[in-house]
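Fold and contact review
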Amino acid sequence: MNVLRTWVLTLFILLLWSGVARAELTIEITKGQQGGLPIAIVPFGWQGAGVAPPQDIAKIVTADLERSGRFDPVATRDLLARPTDGSQVNFRDWRLVGAPHLVVGKVSAVGDNYTVQFQLFDVYKESQKTGYTFQVKEGELRAIAHRISDIIYEALTGEKGAFGTRIAYVTSTVWQANNVRYYALYVADIDGYNPQLIIRSKEPLMSPAWSPDGRKLAYVSFESRRPVIMVQDVFTAQREKVAAFSGINGAPAWSPDGTRLAMSLSKDGNSEIYVMHVAGGRLQRLTEHLAIDTEPAWSPDGRKLVFTSDRGGRPQIYRIAADGGKAERVTFDGRYNARASFSPDGKRITFINGDGNVFRVAVMELATGNVQILTNSRLDESPSFSPNGSMIIYATEHANRGVLAAVSLDGRVQQRIQLQEAGDAREPVWGPFTK
Amino acid sequence: MNVFAKGTVVLLSSMMLWGCSSTPKTTTAPVAGTQTTAPVSTPTTSTMNDTDMNAGARMATDELSDPNSPLAKRTVYFDFDKSDIKPEARQVIEHHSKYLSANSSTRIVLQGHGDERGTREYNLSLGERRARAVQQVMTLMGVSPSQLELVSYGEERPAAMGHDEGAWALNRRVELVY
């Protein structure tokens, strides 16, 4: 009996462990890289117990910069030397390698106190561009690696890096243990690591939306057998029901100041756009039309919303002032334009453009009305901008599975992000910058 | 042999328990119960599936349980991005409307669904519009609105899992759930 108990416990732990691994994502770059800026990133030196530090900082930084599409890191085997700080650097070596920039660094540890140092050099000017030293615990090493990527990215592109941000996404998987389909909402680092389960249910979950401070997620849950809007704290897991009117409670979207949630409610007969004041729950109705009005999204200045409506016969994007009024049509090309959201600078929207057979990620420049289709897949969904505006993350179908994908704003770089285990991933939303 | 069997039972139930207890501990929400109509989940461990037995008991004496009755057809289908009731759908709705008019204490749920094309929230609204279209026809045929509950699942609960028109046609539907 004791043996059995031990065995059950072992199995339990194994299952629990596999439950964690299940959510992990793998990223594969599927298009482009040409034109990336060469950069040499030398494996970091190590002084501490064991043969290697618990995280390979240089490897994480290399993967981050490569994924951005803006850089083309030199393969480790092509590195002519392994300096770990500036005093060991012979710039001539690195000019031979053809890398205008060089990153070196080292990690040391006393107990759980880690010191991470890195320097970024301009190989041609033979000078240091930037360099930092961090004191962290073991659990923060990945975060520090992403921070280093951010610093390098910003120093060399002039644009803020978003490597330390997180994504939320929904999974749908059938568990082998009981052959039941589960829906789950996860949050993970943007490189797919550190998946954190937010909520799991046998009933569908959809439409996750980050609060502007990155602390909360609003989402739609069918746990009560109908669509209800929940808001959950990502750190404490505390949650509350914020909209459970009769009919559909869907498409939550936080205002940029975090005080209001736009949503689509059908309590008065069909889907209309409402704004709810989060404190107190006061509702303001923005649209009144027999057509479907849904998928609201705020402009970054909080003054306007775009939404999807089929008031013209087919779904198209419309714009309305945040305090209501007359809606104006924004999209005119294509039979199906839906689920728009703004770029961080408010100059563009990304949305799904379709003709009934293919549905692709599109970007419109609002000043000119110019539309560019960024993908050539078949069943794209849920596009949204990265917080620095350089990439768009979306969901698509690949080899009969729902996968996440990202594309650079110029369409040049594409990546596919998929669950390591069987099952579908969908509805990615890129979280905000956090302090 | 006996010990082995016992072990298997303990194992099985611990797996089920694990399935339930692995929702985030800090939230109060339990994993929602089993569903009668989910086409995507057919549990092989049928011992836990008490809802099937209930359904069987309830329909035992009724024409609802007769597979040859016109009432056995409980799904109506739609065209892409449309909620118009097609002629063949009208027939299905008519049979159920007659039954519901004659059995005024019976309530059903009209479950609206869509195919995976297009965006999820738009499809959620479209599923509701389809359910409402069926509701309208039924009330015109004399069914009391209080007998009809509407819910849309959008594209979240496909009846067929493929990514082609064959599957999509089966997914653009309203299910009449007794």
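Relevant structure appears above.
Residues numbered from 1 in each chain as written. Chains lettered and ligands numbered in written order. Predicted model: local features only at pLDDT ≥ 70, side-chain atom pairs only at ≥ 80, totals over all residues. Heavy atoms only, no water.

**Topic: the environment of M276 of chain A**
All names here are of chain A. If you trace the backbone, M276 turns up in strand β17 (residues 272–277). A relative accessible area of 5% places M276 in the buried class. For the pair M276 and A243, spaced 33 residues apart in sequence, the C-alpha separation works out to 9.0 Å. The contacts of M276, once residues within four sequence positions are left out, are V242, A243, F245, T259, R260, L261, M263, G281, R282 and L283. (Helix = DSSP H or I, 4+ residues; strand = E, 2+ residues; numbered from the N terminus. Buried < 20%, exposed > 50% of the residue type's maximum accessible area, 1.4 Å probe, protein only. Contact = heavy atoms within 4.5 Å.)

**Some points on the sheet that holds strand β22 (residues 328–329) of chain A**
All names here are of chain A. Judged by pairing direction, the sheet is antiparallel, and its four strands sit side by side in the order β19-β20-β21-β22 without closing on themselves. Edge positions in the sheet fall to β19 (293–298) and β22, since each has one partner strand and no second. Bridging between β19 and strand β20 (residues 304–309) involves four bridges; their strand directions are antiparallel. Residue pairing across strands places T294 opposite T308, the latter belonging to β20. (Pairing = 2+ DSSP bridges.)

**Brief notes about helix α4 (residues 120–140) of chain B**
All names here are of chain B. Between its first and last C-alpha atoms α4 spans 30 Å; for 21 residues at 1.5 Å apiece the expected length is 30 Å, and the two agree. Taking burial as the measure, the 21 residues of α4 include 16 buried ones, the bulk of the element. Looking one or two residues past α4, G142 carries a phi angle of roughly 105°, positive in sign. (Expected span 1.5 Å × (residues − 1).)

**Examining the pattern of salt bridges**
Residues and elements named next belong to chain A. A full pass over the atoms with the stated rule returns 29 salt bridges over all chains. Close ionic contact of R285 with D268 constitutes a salt bridge, the shortest N to O distance being 3.3 Å. Residue R285 is found in strand β18 (residues 283–285), and its partner D268 is found in the loop between β16 (260–265) and β17; the two are separated by 17 residues along the sequence. (Salt bridge = Lys/Arg side-chain N within 4 Å of Asp/Glu carboxyl O.)

**A few points about the environment of V74 of chain A**
All names here are of chain A. Tracing the backbone shows V74 in the loop between β4 (71–73) and α3 (91–97). Relative accessible area serves as the criterion here: at 16%, V74 is assigned to the buried category. Note: C-alpha distance between V74 and G98 (24 residues apart in sequence) is 8.8 Å. Here V74 is in contact with I39, A40, L79, V97 and A99, once residues within four sequence places are set aside.

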